[in-house]
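What follows is each chain in one-letter form.
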Amino acid sequence: MAKRGKSGGRNGMRPVAGVVDVPAGARFSGPVEGVYYIDTGDCELIADQDNSTGWLLKINGVMSSHIDLADPLFLDFEYMRWMAALIESRWPASGPAGTKPKLRGLHLGGGACSLARYFHAVYPDARQVVVELDGKLAEYVRGWFDLPKAPLLRLRVGEAREVTESLTAETRDFIIRDVFAGALTPRPLTTAEFNQHVKRVLAPGGLYVVNSGDAPDLKNAREDAATIAAAFKHTMIIADPAMLKGRRYGNMVMAGSDVPFGDDPKLARRLLGGAVPAHLWDDAQVRSFATGSPVRHDPPHPHPNLASSVRESGGRGPT
């Protein structure tokens with residue numbers, strides 16, 4: 001789950017016993033278990049007891065990411081596997097004559113950069129930017145996990161909406177929103193106005209993919225779906241049946257595009273074949289699901305620091 005509270009860290013927050021305060025400029029030669037100060041509190045790096053090359057990352061006591069140093073194609077979180085399947089359905093890894101797409105990706109929410117590592121393995125020539133609010137966390141992750149170097153992968157420290165608004169039009173093939181403050185995505189990243197910035201930055205045929213977390217009442221998910229459907233001609237939802245029926249807390253993967261998703265039987269089989277089988281809703285089902293829910297908008301006179309007043313992270317959400 002991607003939550004950042006204020007239980008520990010600097011900037012007037014209560015200190016946490018046993019937290020490592022690494023000097024500025026210190027170099028890392030790989031992951032070391034422990035709890036570390038970051039700019040928004042503290043993070044904990046834990047060796048995966050079931051995987052000798054796996055690592056778990058907690059942020060302020062809440063699980064955020066998993067990474068396998070030996071296998072970038074291993075994604076432990078099911079919603080990440082669904083996102084990967086959707087993007088690979090749009091852009092098959094092997095094109096004509098064995099060529100691979102040279103995709104341009106933007107990840108809003110960093111965590112351990114699990115998906116960015118995955119896409120680097122699938123699309124070696126891809127150019128990706130990961131936006132992470134917490135500069136200290138970005139520094140740790142870069143040192144711990146031996147990420148691909150620029151220009152293949154760049155970590156940009158900043159607030160996700162501000163960075164998105166600053167980007168040149170039609171410069172990204174896919175944009176992934178995986179940002180949480182508590183159990184939900186910060187509102188400035190869920191509004192119709194933000195969706196318009198996303199559309200502007202996406203290239204023709206591009207794909208906007210979001211991790212939408214919610215409780216069983218599905219109020220947040222319906223509003224997310226309504227807002228994305230208002231911005232994009234074509235939409236899709238991927239989730240497990242229990243989540244779609246409002247039987248548990250969890251995650252839905254939602255997507256919007258200006259071109260149809262098409263009917264890819266391989267995608268449906270891949271989603272059903274995972275450890276957590278998922279169903280796919282087409283555009284008509286998404287719009288029916290969102291019926292009666294309001295489209296979110298920015299407040300008429302937002303506070304100048306509204307977008308940057310939250311603590312953001314990529315991660316699992318409320319599962």
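On a predicted model such as this, the values are computed, not experimentally measured, just so you know.

Here's the deal with the sheet that holds strand β7 (residues 153-157)
Right, so step 1: The sheet built from eight strands is open, its strands ordered β7-β6-β5-β8-β9-β11-β10-β12 with mixed pairing. In this open sheet, the two edge strands, each paired with only one partner strand, are β7 and β12 (279-281). Neighbouring strand axes in the sheet, compared pairwise and without regard to direction, differ in orientation by 15 degrees on average.
Right, so step 2: In the sheet, strand β5 (residues 104-108) pairs with strand β6 (residues 127-132) via five bridges, with the strands oriented parallel. Along β6, the bridge assignment pairs L106 with V129.
Right, so step 3: Against the sheet, helix α3 (residues 135-145) makes contact with β6 and β7, and its axis sits at roughly 160 degrees relative to β7, the strand it touches most.

Let's talk about the packing of helix α1 (residues 78-90) against helix α2 (residues 114-122)
Right, so step 1: Viewed as axis vectors pointing N to C, α1 and α2 meet at an angle of 35 degrees, and their least axial separation amounts to 11 Å. Between α1 and α2 lies a crossing of right-handed hand. Together, M80, M83, A84, I87 and E88 of α1 and S114, L115, Y118, F119 and V122 of α2 make up the contact between the two elements.
Right, so step 2: Taken together, the residues that form the contact of α1 with α2 break down as eight nonpolar, one polar and one charged.

Overview of the environment of L271
Right, so step 1: Secondary-structure assignment places L271 in helix α8 (residues 265-272).
Right, so step 2: Overall, L271 belongs to the buried group, its relative accessible area being 3%.
Right, so step 3: Sequence separation between L271 and D240 is 31 residues, and the spatial gap between their C-alpha atoms is 9.2 Å.
Right, so step 4: Every residue in contact with L271, bar those within four places of it in the chain, is listed here: W82, A85, I238, V276, P277, A278 and L280.

Quick word on the sheet that holds strand β4 (residues 62-68)
Right, so step 1: Strand order in this open sheet of four strands is β1-β2-β3-β4, and the pairing throughout is antiparallel. Of all strands in the sheet, those bounded by a partner on one side alone are β1 (34-38) and β4. The sheet shows a mean angle of 25 degrees between the axes of neighbouring strands, direction not considered.
Right, so step 2: Bridging between β1 and strand β2 (residues 41-47) involves five bridges; their strand directions are antiparallel. Residue Y37 lies in a different strand from β2, and its bridge partner there is D42.

Some thoughts on unusual backbone geometry
Right, so step 1: Residue P151 is reached from A150 by a cis peptide bond, and omega for that bond is 10 degrees.
Right, so step 2: With a phi close to 50 degrees, N60 is a non-glycine residue in the positive phi region.
Right, so step 3: Given the relative accessible area of 9%, N60 is considered buried.
Right, so step 4: With phi around 65 degrees, C113 is a residue other than glycine that occupies positive phi space.
Right, so step 5: One can find C113 in the loop between β5 and α2.

A word on the pairing of strand β9 (residues 202-214)
Right, so step 1: Taken across its 13 residues, β9 has twelve buried, putting it largely inside the fold.
Right, so step 2: Pairing of strand β8 (residues 172-177) with β9 involves five bridges; the strand directions are parallel. Residue pairing across strands places F174 opposite L207, the latter belonging to β9.
Right, so step 3: Chirality of the crossover, the property in question, places the unit of β8, helix α5 (residues 192-201) and β9 among those that are right-handed.

Overview of the pattern of salt bridges
Side chains that carry opposite charge are capable of pairing whenever their charged atoms lie near each other.
Right, so step 1: With the rule as written, the count across this model stands at twelve salt bridges.
Right, so step 2: D173 is the salt-bridge partner of R104, the closest N and O atoms lying 3.3 Å from each other. Placement of the pair is R104 in strand β5 and D173 in strand β8, with a sequence separation of 69 residues.
Right, so step 3: Salt bridges linked by common partners bring R177, K219, E223, D224 and R296 together as one network.

Cut-offs applied
Residues numbered from 1 in each chain as written. Predicted model: local features only at pLDDT ≥ 70, side-chain atom pairs only at ≥ 80, totals over all residues. Heavy atoms only, no water. Pairing = 2+ DSSP bridges. Helix = DSSP H or I, 4+ residues; strand = E, 2+ residues; numbered from the N terminus. Axes fitted to C-alpha atoms, helices over the stretch in contact; angles between N-to-C directions. Contact = heavy atoms within 4.5 Å. Left-handed = near helix turned anticlockwise from the far one by under 90°. Nonpolar A, V, L, I, M, F, W, Y, C, P; charged D, E, K, R; others polar. Buried < 20%, exposed > 50% of the residue type's maximum accessible area, 1.4 Å probe, protein only. Right-handed = clockwise from strand over helix to strand, strands pointing away. Salt bridge = Lys/Arg side-chain N within 4 Å of Asp/Glu carboxyl O.

Note that every value here comes from positions in space, so none of it alone points to a role or purpose.
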